[in-house]
Structures are given as C-alpha cells and as structure tokens.
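Next come the chains, spelled out residue by residue.
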Amino acid sequence: MSRSPSSSGLLPLPGSPGSSWAMYKARFKALFNGADTSVLVAFWIFGLINNLSYVVILSAALDLVGPDIPKAVVLLADVMPSFATKLVAPYFIHKVPYSVRVLVMTGLSTGGMFLIALTPSSIPIKLFGVAISSVSSGAGELSFLGLTHYYGHFSLAAWGSGTGGAGLVGAGLYVFLTGTLGLTVKKSLLTCAFLPFIMLISFFLILPLGPLHRASSMKEYTSVNSSDNLTLVREDLNDEEIAELPVDSASQSLLAPGPSTVSEAYTSHSPRRSVSPTPSFHKKQSKLIQNLKRARLLFFPYMLPLLLVYIAEYTINQGVSPTLLFPLQSSPFNEFRSFYPFYNLLYQLGVFVARSSSPFIRLHNLYLPSFLQVGNLALLITQSLYWWIPSVYIIFAIIFWEGLLGGAVYVNTFAEIMENVPEEEREFSLGATSVSDSGGICIAGFIGMSLEVALCNKQVRNGRSWCKTL
C-alpha cells in the first residue's frame, strides 16, 4: 500500500505542495517532541563507537596486510565473526546484564585493536584481533538495539544516526591521524584503541539508567498458564510498542553502514508468537517451508537489488580500489599507500549523504542504482587494467558516486518495505531482506581476494608496479 509523504513521515520534496520552510520546521520539531537529550546523546555515541572500529579497520586494511595479501581478507575477518555473533548470541545474551555487556564489549574492542597495533609482523594475529573487534561490534548491535526498548523510538533513531556517522568519522579519523598528523600506523591504531572507553562513559554517566533499573527484575522469558500448554517467548518489544514506533523514525534510523540495524529492532527485539514447547518435526518443517515461500516473494523486488549493490561496491572497495593508483606527481599524495584510505573516506562520505537523504529524496526503482553500481565496478576494473582515465580526481568523483548509490539502495530498500509491505508481513520482510547486505559483503570478500591479485599482476606485466610498492 503506497503512502503519501505526509502519512509516511517523509518530508515533502522541494517544490511540492506543503514544502514550505515553515512546514519543514514544524515536521522537525514534531519529530523530536518529548525527546530526552541525554538519551539521544547516549545512543548516538553507542552507534558511533560500536561501528567505528569496523570502519577504521577497513580503512587500515592496506597497512595491516601489505600489498601482497588481498584486502578482502581483512573484510571477511571484519564481517563474518560479527555476522556469526548476531546469529548465535540472541539465544543467551538476554541472560547477561547490560552493564556487564558494555564492559565485555569495551574490553573485546580495545583488546582487538591493541592486538592489531602491537603485533609487528604476524598477519594471523592481526586478523585474530580484527575478529575479536568484530565480535564486539556484533554483540554491541544486538545489545544496544535491545536497550532501545526501555528508552523509546527516539533512542532507536539516535542509534541509527550514530552508526551512519561512524562510517564518515572512522574513515576521516584514520586519514587525519596517518595523513594530516603524520602518525605511524601503530600510533594511529593505538589512539583508536582507547575510543571504546567512550561507551563506558556514555552508559554509566550520560544515559539515564532509571528505566533500565525499573525493568531489571523482569525475566526475559515468562510462561503462561500451564493448562494452555504454551510458552510465550518474551523479548524486548511488545506489539503495542512496535505499533507506536512511527514509520519515519524507523526509516530515519536506517543510517547504519553496517547491515540489519532496523531489522534487528523489528525482529530480534519483538515478541514471538506462542509456540508449543515440544513442536513436532512436521510443524517445524511446515513453518520453514512457509517462511521460504514468503522470502521468495521478497527476492526480486527487494533482496536482489540490495544483494547486487553490496557485491558491486564491496568488490570495488576491497578488490579494485587498492589498484587504482596514479603517479604521485599528478596526485595530492606523497606516497602510494595514501590512495586507499582516501578512497574509503570518499566512499563513506557518499554513503552518509545518501542514507541521510531519505526524508527529502526517495527512490522507488531499486534496480536502476543497483545496475549503475555494477557499471561502476566494470568501469573501475577497466581503469585498473588499461589506465585510460587521465586524472585521479575523476576517480575521486566516481568513488563518491559509488557511495551515493550504495547508501541510496540500502535506505530506500527498507523504506520501500515499510511503505509497501502489509503490516502483518512487515516484521518478517525486514528481517529476511537484511540477509542480502551481509551475504553481499561476504560474496564480495571472496571475489576481491582473487580479483585484486589478478589486477595487480596485470599492472606489473604492463610496467606499472605501483601496487607492489604500497
């Protein structure tokens, strides 16, 4: 069912009726009416710091493994442990108090960064540190999204905005430390290793803990009358609270670079239907078949374009961009290693702009930007092979355009689901579709491992050995 911009919470397009400045001011004021500033600040920091290490590690991929190892190895080490954590942790993490979770996540993230920074030459140990930080990020996403239950939909929007800013801040911070300040990679990573402690300050000093303390005596799972022979699985959000979350808050919380932010809020932290404590095999099989049929209906309109855009953009970032090099005298850099993190900064800037634009600009055709992204991949591969684009500044523009396309497909995919999928199917649809971005990143990681090596070897054979001197 389609909705008007007014009913969906989207701001009107410039030039349309109701697009006056007074209308924009009224919409923004209404959006944050009743918001607690401390809650907004705390959850924005949670989102920022939780995802910051992910972005910093990807920005430092070249410096971590050197020119001879594909950067996609770092991508896989940075994504797969987090993805596995989000699959497994929901079955037990509810038994751990939030204060303990924040302490553990801070320790894991800091410890991982120290391993990465202090290991002089052992790439396996560096990748182990990357994996530890990835586990912290995955557990943080589950925990902080669960925490939004106690603080309302404003906390969800603030979390999403913080995760969106993490991409830009993380990439910019690494470029600033290594480029502008001229710090070594080791000192830059050691500096970033202390950032997770800001989560402790945000949780224990900024966040009002009253709502959490009032709910601390509640158990995660409660049973109904035994005569019903049913067990009600209770999680963090109930049906009334889900209904109270406005569409605009859900859409605007889709600012995260990482995958499944909104789907976690609407699936992992909403109540499940009552189920039999000992369901039969046939009932389980029937439910699985039913869900597969429901997911099949989502594949072509939503899942496939999101999958395509993630495969294309992460293949560019980890498999192609390390080989997009130019003579130093025709570039703004003093060394070849500076190209890669700056490309990542431009990409993250494009993603942030696109994911922040959904209240103003909406895309309904998801395949067009996805195919354009595949075109970007083909274009940049030919540039790596034949070096036919004469200026690095044109490459800068293409990388920024890549970020715009990727961010636009991500945020508009979930916005389309929120607007067009019937309410009774929306919860499942958000969760099922979120698999596409994680799957796309993993596929791109495996593609990038072989693609970067092949492109670099081709450049060396053609007399351009810059990729071997990074």
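Residues numbered from 1 in each chain as written. Predicted model: local features only at pLDDT ≥ 70, side-chain atom pairs only at ≥ 80, totals over all residues. Heavy atoms only, no water.

**Side note on the overall build of the chain**
Then comes step 1: When you go through the chain residue by residue, the secondary structure sums to 20 helices and two strands.
Then comes step 2: Across the 470 residues of the chain, 53% fall into the buried class.
Then comes step 3: Here the contacts in the chain between residues at least 6 apart in sequence split such that 82% fall between residues at least 24 apart.
Then comes step 4: Surface summary for the chain: the accessible area is close to 20,400 Å², and the carbon and sulfur share equals 67%. (Helix = DSSP H or I, 4+ residues; strand = E, 2+ residues; numbered from the N terminus. Buried < 20%, exposed > 50% of the residue type's maximum accessible area, 1.4 Å probe, protein only. Contact = heavy atoms within 4.5 Å. Areas by Shrake-Rupley, 256 points an atom, 1.4 Å probe, with all protein chains shown as cover.)

**Brief notes about a nonpolar patch on the surface**
Then comes step 1: A surface patch of nonpolar side chains, about 410 Å² in accessible area, is lined by Leu103, Ile201, Phe204 and Leu205.
Then comes step 2: With three residues, the single largest contributor to the nonpolar patch is helix 10 (residues 197-206).
Then comes step 3: With respect to the secondary-structure elements, Leu205 resides in helix 10. (Patch = residues over 30% accessible without salt bridge, like charges linked within 9 Å, V, L, I, M, F, W, Y side chains within 5 Å. Salt bridge = Lys/Arg side-chain N within 4 Å of Asp/Glu carboxyl O.)

**Some words on helix 18 (residues 392-420)**
Then comes step 1: In this model helix 18 runs 42 Å from its N-terminal to its C-terminal C-alpha over 29 residues, within 8% of the 42 Å that 1.5 Å per residue would give.
Then comes step 2: Judged by how many residues are buried, helix 18 sits mostly within the fold: 22 of 29 residues are covered. (Expected span 1.5 Å × (residues − 1).)

**A word on the nonpolar core**
Then comes step 1: Grouped together as the largest cluster of nonpolar side chains are 50 residues, with contacts concentrated most on Tyr314, Phe339, Tyr343, Leu380, Ile395 and Ile399.
Then comes step 2: At the level of elements, helix 3 (37-59), helix 5 (72-88), helix 8 (153-180), helix 15 (281-320), helix 16 (339-355), helix 17 (367-386), helix 18 and helix 20 (435-461) are the ones that each hand at least two residues to this core.
Then comes step 3: The dominant element in this core, judged by the number of residues it contributes, is helix 15, at ten residues.
Then comes step 4: Core analysis: the second largest hydrophobic core is formed by 46 residues, Phe46, Val102, Leu189 and Leu200 among them. (Core = buried A, V, L, I, M, F, W, Y, C linked by side-chain atoms within 4.5 Å.)

**Examining the side chain of Glu452**
Then comes step 1: Note that Glu452 resides in helix 20.
Then comes step 2: Judged by relative accessible area, Glu452 falls into the buried class, the value being 5%.
Then comes step 3: Those residues in contact with Glu452 that lie beyond four places of it in its chain are Pro67, Ile69, Pro70, Lys71, Gln318, Gly319, Pro322 and Thr323.

**Regarding the pattern of salt bridges**
Then comes step 1: Counted under the stated rule, the structure contains six salt bridges.
Then comes step 2: Across the pair Arg337 and Asp63 runs a salt bridge whose closest N-O atoms are separated by 2.7 Å. Taken together, the positions of Arg337 in the loop between helix 15 and helix 16 and Asp63 in helix 4 (residues 61-65) put the pair 274 residues apart, joining distant regions of the chain.
Then comes step 3: Accessibility expressed as a relative area gives 24% for Asp63, which makes it partly exposed.
Then comes step 4: Linking Arg362 and Glu419 is a salt bridge whose minimum nitrogen-to-oxygen distance equals 2.6 Å. Pair noted here: Arg362 is in the loop between helix 16 and helix 17 and Glu419 is in helix 18, with a separation of 57 residues, a long-range link.
Then comes step 5: With relative accessibility at 14%, the residue Arg362 sits in the buried group.
Then comes step 6: Using a relative accessible area of 7% as the deciding quantity, one classes Glu419 as buried.
Then comes step 7: Through salt bridges with shared partners, a single network forms among Asp63, Glu335 and Arg337.

**As for the state of the cysteines**
Then comes step 1: Counted under the stated rule, the structure contains one disulfide.
Then comes step 2: Two residues share a disulfide in this structure: Cys456 and Cys467, whose sulfurs sit 2.0 Å from each other. Taking the sign of the S-S torsion, 90° for the link of Cys456 and Cys467, the bridge is right-handed. Of this pair, Cys456 sits in helix 20 while Cys467 sits in the segment after helix 20, and the two are eleven residues apart along the sequence. (Disulfide = S-S within 2.5 Å.)

**Some details on helix 17**
Then comes step 1: Along its 20 residues, helix 17 runs 28 Å from first to last C-alpha, staying within 8% of the 28 Å computed at 1.5 Å per residue.
Then comes step 2: Looking only at helix 17, the buried set comprises Pro369, Ser370, Gln373, Asn376, Leu377, Leu380, Gln383 and Ser384. Considered in projection along helix 17, the buried side chains sweep an arc of 135° and stay on one side of the axis. Exposed and oriented more than 90 degrees from the buried face of helix 17 are Leu368, Phe371 and Tyr386.
Then comes step 3: Looking one or two residues beyond helix 17, the residue adopting positive phi is Trp387, at roughly 50°. (Arc of directions from axis to C-beta.)

**Observations concerning the environment of Ala77**
Then comes step 1: Relative to the elements of secondary structure, Ala77 occurs in helix 5.
Then comes step 2: When its relative accessible area of 14% is taken as the criterion, Ala77 is described as buried.
Then comes step 3: When neighbours within four sequence positions are excluded, Ala77 is seen to be in contact with Leu127, Val130, Ala131 and Ser134.

**Considering the confidence of the model for the chain**
Any region with low pLDDT has predicted coordinates that should not be read closely.
Then comes step 1: Of all residues in the chain, 73% attain a pLDDT of 70 or more, and the chain-wide mean is 79.
Then comes step 2: This stretch, residues 1-9, has a pLDDT under 50; its non-local contacts, to residues over four places away or in other chains, come to 16 contacts. (pLDDT = per-residue confidence, 0-100.)

**Considerations on the packing of helix 6 (residues 98-118) against helix 9 (residues 185-193)**
Then comes step 1: Running from N to C, helix 6 and helix 9 point in directions that differ by 170°, and their axes come no closer than 9 Å. Taken together, the axes of helix 6 and helix 9 are roughly antiparallel relative to one another. Of the residues in helix 9, those in contact with Thr110, Met113, Phe114, Ile116, Ala117 and Leu118 of helix 6 are Lys186, Leu189, Leu190, Cys192 and Ala193. (Axes fitted to C-alpha atoms, helices over the stretch in contact; angles between N-to-C directions. Parallel < 35°, antiparallel > 145°, perpendicular 65-115°, else oblique.)

**Brief notes about the packing of aromatic side chains**
Then comes step 1: Counted according to the given criterion, the structure contains 22 aromatic pairs.
Then comes step 2: Here a set of aromatic residues connected by ring pairs shows up, and it is made of Phe326, Phe333, Phe336, Phe339, Phe342, Tyr343, Trp387, Tyr393, Phe396 and Trp466.
Then comes step 3: Just above the ring of Tyr98 sits the side chain of Arg101; from NZ or CZ to the centre is 4.2 Å. (Phe/Tyr/Trp six-rings, centres within 6.5 Å; stacked < 30°, edge-to-face > 60°. Lys NZ or Arg CZ within 6 Å of the ring centre and 35° of its normal.)

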